[in-house]
Amino acid sequence: MSDRRDFMGKVLGAWAGLGALGALYAAKRTWDPLPSVKAAGKTVVDVSGAKENELHTELWRGKPVFVMKVSPNDPAHKDKRLVQIGNDKFFVAIGLCTHLGCIPTYFPEKHKFICPCHGGQFNSAGEVLKSPPPKPLVIPPFKVEGTKLVLGEEGEQYKKLKAAGVVA
Amino acid sequence: MAHFDPNARPFSHKWLNERLAIDTLEKVLAKEYWIPKNINFLWAMGMVLATTFGLLLISGIFLLMYYIPDTKQAFDSVNHTIMQEVGYGWLWRHIHGVAASIVFLIIYIHMFTGIYYGSYKRGRELIWLSGMLLFVTFSAEAFAGYVLPWGQMSYWAGMVITNLFEGFSSDFLGGHLHFPGLVEWIRGNYVPSQAFLGRFFMLHVVLLPLVIIGLIVLHFGALRIPHVNNQDGEEIDFEAEAEKWKAGLRKESKVIPFKPVFLSKDVFVLGIYLTFFFYLVFYHFEFAMDPVNFDPANPLKTPPHIYPEWYFLWSYEVLRAFPKNPGLIAFGFAQVIFFLLPFLDRSPNVAPANRRGLFKIWFWVLLIDMVGLTILGKLPPVGIYTPFGKAFAYIFIALWLILPFITKAEKPIGGK
């Protein structure tokens, strides 16, 4: 009798446990980003009218993306993280500090970004000049099409930068 | 078989007693729940906290009637509808904002009272642990609530705090402790947005309050058997002392019943507290209302200086005193270390800190260090503040590392 009751107890426990696991999975999926969010389209930026050392902030998947034509007298002009579009070098990066996600402010006369939250600094290729940010500003997936920059697609230059390990 | 008197008038005392045992309930919960005589006003902080939680709950219910958890409407539903249109809407908001801030002041007083008098030892470990769980849940509740008005500080605090869940940077330990996906999962989007506001609204108004209420019950339950501590850490035989009281030896007994004796003292302290509280609500509510949060959320503009509310500043300062990875370790340390207090204090003494040798110094240094961290956390991370912040953060960590050693070396008091 007791064996039978134990067995029934275990079956009940296992069945309820399965249900709990299912409910947990459903809860997890409910918290997932929605498909419409995931499928957020690409952002196309025309850079033909860009001026040197003038920062543009585009919105891509809800995040600010910095796009700037880097002037030849900027100390960061030779940096390998810059993107070649036509004859010009462009700085492209997600404009969120890699420390805790604040938006750094650009100071054109100093050619650098300073984060308002914890004082991190980046040069105009996104390299860290002063901690706490642990790594350079992240380069988003991009593709160059003529004078257009497509954010959200992996083009040849992006793949090269990725292979060189400098995108993130 | 229970006996029900057919002649008892409905809802009369006898009628209720037969059905709900109200006399027994009152006896067990209040009239024969014993509190030591040897206590001071700091022992009233529990009731002060319970009352403040009640104020938060009531004001929150009224705010909930008009608040709209929609990124396009949230800001106006608070700053226009509730503040300008709803009759006395400002009262609920100011009570809610002031109580949310002051509740942490009382929590810290309550915590440091417990640390000072050693009220986390000798059977009282679960009181301490359930209290720490309450502190953490209140912190989460406060953060979730701060997001709701969808102002600049709401948005950017949401951004910064959820980013902490990214863990360590991708080049640390082979990236095994780097979870960018977790951040997006928590937010339900790449950045704080509608999904984020919706789920933090749910957490703030339903899930976390339920958890808090459950933990309060656990906290009270954990208090029942060991009873509250007293000013000398004296081990009292509560049963024997209670018998004295019941036999009429009220002067000789070391204890008093919760109701009505302790309650009358509690209510007195509560009266002073509420006078102060409503003074703040009516005349100085602005300390709990950050001006930056009166700008609507703008995902493309970080406010020049982001800082948390005052009660998070000490742990925030520990976080930002270091570069990202060590900062995260130090922050994690600061979050969990208070939980371990009953186990890190190796001394058997339950006594006020001023009788415990080195522990006395430890206590006051910890208190001053945390006040220092709080002040530095509010200042921008420039110039002399940076090395000071670092020093205070190191002192905080060092204090906890030496605690087991100084308490182990402590001489037993009394020596029965």
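Residues numbered from 1 in each chain as written. Chains lettered and ligands numbered in written order. Predicted model: local features only at pLDDT ≥ 70, side-chain atom pairs only at ≥ 80, totals over all residues. Heavy atoms only, no water.

Student: Any chance you could break down the overall build of chain B for me, citing the residues and the numbers?
Tutor: Looking only at helices and strands, chain B features 16 helices and 2 strands. Here the C-alpha coordinates of chain B stretch approximately 70 × 60 × 45 Å along the principal axes. Taken across its 416 residues, chain B has 51% of its residues classed as buried. Expressed as a percentage of contacts within chain B between residues at least 6 apart in sequence, the contacts between residues at least 24 apart total 77%. Surface summary for chain B: the accessible area is close to 20,300 Å², and the carbon and sulfur share equals 71%. With 33 positive and 30 negative side-chain charges, chain B shows a spacing of 6 Å between the two charge centroids. (Helix = DSSP H or I, 4+ residues; strand = E, 2+ residues; numbered from the N terminus. Buried < 20%, exposed > 50% of the residue type's maximum accessible area, 1.4 Å probe, protein only. Contact = heavy atoms within 4.5 Å. Areas by Shrake-Rupley, 256 points an atom, 1.4 Å probe, with all protein chains shown as cover. Lys, Arg positive; Asp, Glu negative; His and termini not counted. Charge placed at Lys NZ, Arg CZ, Asp CG, Glu CD.)

Student: So what's going on with the nonpolar core? Residues and values would help.
Tutor: Generally speaking, soluble globular proteins have nonpolar side chains that are buried together. Residues Phe104, Ile115, Phe338, Trp362, Leu366, Phe396 and Trp400 of chain B are the most contacted members of the largest nonpolar core, which totals 86 residues. Among the domains, domain 1 (32-154 + 189-306) and domain 2 (310-416) of chain B are the pair contributing at least three residues each to this core. Residues in contact with leucine 366 of chain B, not counting those within four places in the same chain, are Phe112, Phe338, Phe396, Leu399 and Trp400 of chain B. Core analysis: the second largest hydrophobic core is formed by 72 residues, Trp60 of chain A together with Ile186, Val191 and Phe200 of chain B among them. (Core = buried A, V, L, I, M, F, W, Y, C linked by side-chain atoms within 4.5 Å. Domains from an automatic or database assignment.)

Student: I'd like to hear about the packing of aromatic side chains, residue by residue, with values.
Tutor: Per the counting criterion, the structure on display carries 45 aromatic pairs over all chains. Among the aromatic side chains, those forming a connected cluster through ring pairs are Trp43, Phe112, Tyr116, Tyr117, Phe363 and Trp364 of chain B. The ring of phenylalanine 107 of chain A has lysine 110 of chain A sitting right over it, with the charged end atom 5.0 Å from the ring centre. The side chain of arginine 356 of chain B reaches across the aromatic face of phenylalanine 359 of chain B, ending 3.8 Å from its centre. (Phe/Tyr/Trp six-rings, centres within 6.5 Å; stacked < 30°, edge-to-face > 60°. Lys NZ or Arg CZ within 6 Å of the ring centre and 35° of its normal.)

Student: Would you mind going over the domain arrangement of chain A in detail, with residue names and values included?
Tutor: As assigned here, chain A comprises domain 1 (2-32) and domain 2 (43-163). Measuring from the centre of the C-alpha atoms in domain 1 of chain A to the corresponding centre in domain 2 of chain A gives 50 Å.

Student: Can you lay out the interface of chain B and chain A for me, pointing to particular residues and giving the numbers?
Tutor: Across the boundary between the two partners, chain B contributes 33 residues, which contact 28 residues of chain A. Carbon and sulfur atoms supply 65% of the area that chain B and chain A bury against each other, a total of about 2,500 Å² over both sides. Looking only at chain B, the three residues that lose the most surface to chain A are Trp185, Tyr190 and Leu300 of chain B, adding up to 27% of its buried area. Viewed at the interface, chain A and chain B are joined by 0 salt bridges. The tally of links between chain B and chain A comes to 4 residue pairs in polar contact (both at pLDDT 80 or more). For the side of chain B that touches chain A, the secondary structure elements donating two or more residues are helix H7 (152-163), helix H8 (180-187), helix H9 (194-224) and helix H12 (313-320) of chain B. Top contributing element to the side of chain B that touches chain A by residue count: H7 of chain B, with 4 residues. Grouping the constituent residues of the side of chain B that touches chain A by class yields 20 nonpolar, 8 polar and 5 charged. (Buried area = accessible area lost by both parts, 1.4 Å probe. Salt bridge = Lys/Arg side-chain N within 4 Å of Asp/Glu carboxyl O. Polar contact = N/O pair within 3.5 Å; in protein donor to acceptor, adjacent residues only side chain to side chain. Nonpolar A, V, L, I, M, F, W, Y, C, P; charged D, E, K, R; others polar.)

Student: Quick one: what's the story with the domain arrangement of chain B, residue by residue and with numbers?
Tutor: Residue and element names in this part refer to chain B. The assigned domain composition of chain B is domain 1 (32-154 + 189-306) and domain 2 (310-416). Distance between the C-alpha centres of domain 1 and domain 2: 23 Å. Summing both partners gives a buried area of about 2,700 Å² for domain 1 against domain 2, and 68% of it is carried by carbon and sulfur. Looking at the side of domain 1 facing domain 2, the largest losses of area belong to Phe112, Tyr116 and Lys121, adding up to 26% of the total buried there. Our count for the domain 1 to domain 2 interface comes out at 2 salt bridges. Linking domain 1 with domain 2 are 11 residue pairs in polar contact (both at pLDDT 80 or more), by the criterion used here. Examining the composition of the side of domain 1 that touches domain 2, we find that 10 residues originate from one element, helix H5 (residues 89-117), more than from any other. For the side of domain 1 that touches domain 2, the residue count by class is 17 nonpolar, 7 polar and 4 charged.

Student: Give me the state of the cysteines: which residues, what numbers.
Tutor: Here a disulfide denotes a covalent bond joining the sulfur atom of one cysteine to the sulfur atom of another. Residues and elements named next belong to chain A. Applying the stated criterion to the full structure yields 1 disulfide over all chains. Here cysteine 102 pairs with cysteine 117 through a disulfide, and the sulfurs are 2.0 Å apart. Between cysteine 102 and cysteine 117, the S-S dihedral sits near -100°, and the bridge is therefore left-handed. A residue pair is termed long-range when its members are at least 10 positions apart, and cysteine 102 in the loop between strand E5 (88-94) and strand E6 (105-107) and cysteine 117 in the loop between strand E7 (112-114) and strand E8 (121-123) qualify at 15 residues. A relative accessible area of 0% means that cysteine 117 is categorised as buried. Take cysteine 97: it sits in no disulfide, and the sulfur closest to it among the cysteines is that of cysteine 115, at 3.9 Å. (Disulfide = S-S within 2.5 Å.)

Student: Got a sec to walk through helix H15 (residues 358-378) of chain B? Specific residues and values, please.
Tutor: Structural remark: α-helix, 3.6 residues per turn; residues separated by three or four positions point the same way. All names here are of chain B. Helix length check: H15 (21 residues) gives 31 Å between terminal C-alpha atoms against 30 Å at 1.5 Å per residue, within 8%. Within H15, the full set of buried residues consists of Phe359, Trp362, Phe363, Leu366, Asp369, Met370, Gly372, Leu373, Thr374, Leu376 and Gly377. The inward-facing, buried residues of H15 abut H5, H12, helix H14 (341-344) and helix H16 (385-408). (Expected span 1.5 Å × (residues − 1).)

Student: So, the packing of H12 of chain B against H15 of chain B: which residues are in play, and what are the values?
Tutor: When two helices pack together, their arrangement is captured by the angle between the axes and the distance separating the axes. Residue and element names in this part refer to chain B. Between H12 and H15, the shortest axis-to-axis distance is 7 Å and the interhelical angle comes to 75°. In terms of their interaxial angle, H12 and H15 are classed as roughly perpendicular. Between H12, through Leu313, Trp314, Tyr316, Glu317, Val318 and Arg320, and H15, the contact on the second element is made entirely by Met370, Leu373, Thr374, Leu376, Gly377 and Lys378. (Axes fitted to C-alpha atoms, helices over the stretch in contact; angles between N-to-C directions. Parallel < 35°, antiparallel > 145°, perpendicular 65-115°, else oblique.)

Student: Could you give an account of the confidence of the model for chain A, with specific residues and numbers?
Tutor: Residues of chain A with pLDDT of at least 70 account for 98%, and the chain-wide mean is 84. Per-element confidence in chain A is highest for helix H1 (residues 2-31) of chain A, whose mean pLDDT is 92, and lowest for helix H2 (residues 35-38) of chain A, whose mean pLDDT is 77. (pLDDT = per-residue confidence, 0-100.)

Student: Please give an account of a nonpolar patch on the surface that cites residues and values.
Tutor: All names here are of chain B. A contiguous nonpolar surface patch, about 740 Å² in accessible area, is contributed by Leu57, Ile58, Ile61, Phe62, Met65, Tyr66, Ile213 and Val217. Counting residues per element, the nonpolar patch draws most heavily on helix H3 (residues 45-64), at 4 residues. Position of isoleucine 58 among the secondary structure elements: in helix H3. (Patch = residues over 30% accessible without salt bridge, like charges linked within 9 Å, V, L, I, M, F, W, Y side chains within 5 Å.)

Student: I'd like to hear about the pairing of strand E3 (residues 63-69) of chain A, residue by residue, with values.
Tutor: Residue and element names in this part refer to chain A. The buried fraction of E3 is high, at 7 of 7 residues. Neither face of E3 is open: one carries Lys63, Val65, Val67 and Lys69, the other Pro64, Phe66 and Met68, and all of them are buried. Where strand E2 (residues 56-60) meets E3, 5 bridges bridge the pair, whose relative direction is antiparallel. Looking at the pairing, leucine 59 lines up with proline 64 of E3. The hairpin formed by E2 and E3 contains 2 residues between the paired strands, and arginine 61 there has a positive phi angle of roughly 50°. By the bridge criterion, 5 bridges tie E3 to E5 in an arrangement that is antiparallel. In the sheet register, phenylalanine 66 faces E5, and the bridge partner there is alanine 93. (Pairing = 2+ DSSP bridges.)

Student: Can you break down the pattern of salt bridges residue by residue, with the values?
Tutor: Two side chains carrying opposite charge are able to pair once their charged atoms lie near each other. Under the defined criterion, the tally for this structure stands at 20 salt bridges over all chains. Between arginine 29 of chain A and aspartate 32 of chain A there is a salt bridge; the shortest N-O distance is 3.1 Å. The partly exposed category is assigned to arginine 29 of chain A, whose relative accessible area is 44%. Each of Lys121, Asp345, Arg356 and Glu410 of chain B takes part in salt bridges that share partners, so that together they form one network.

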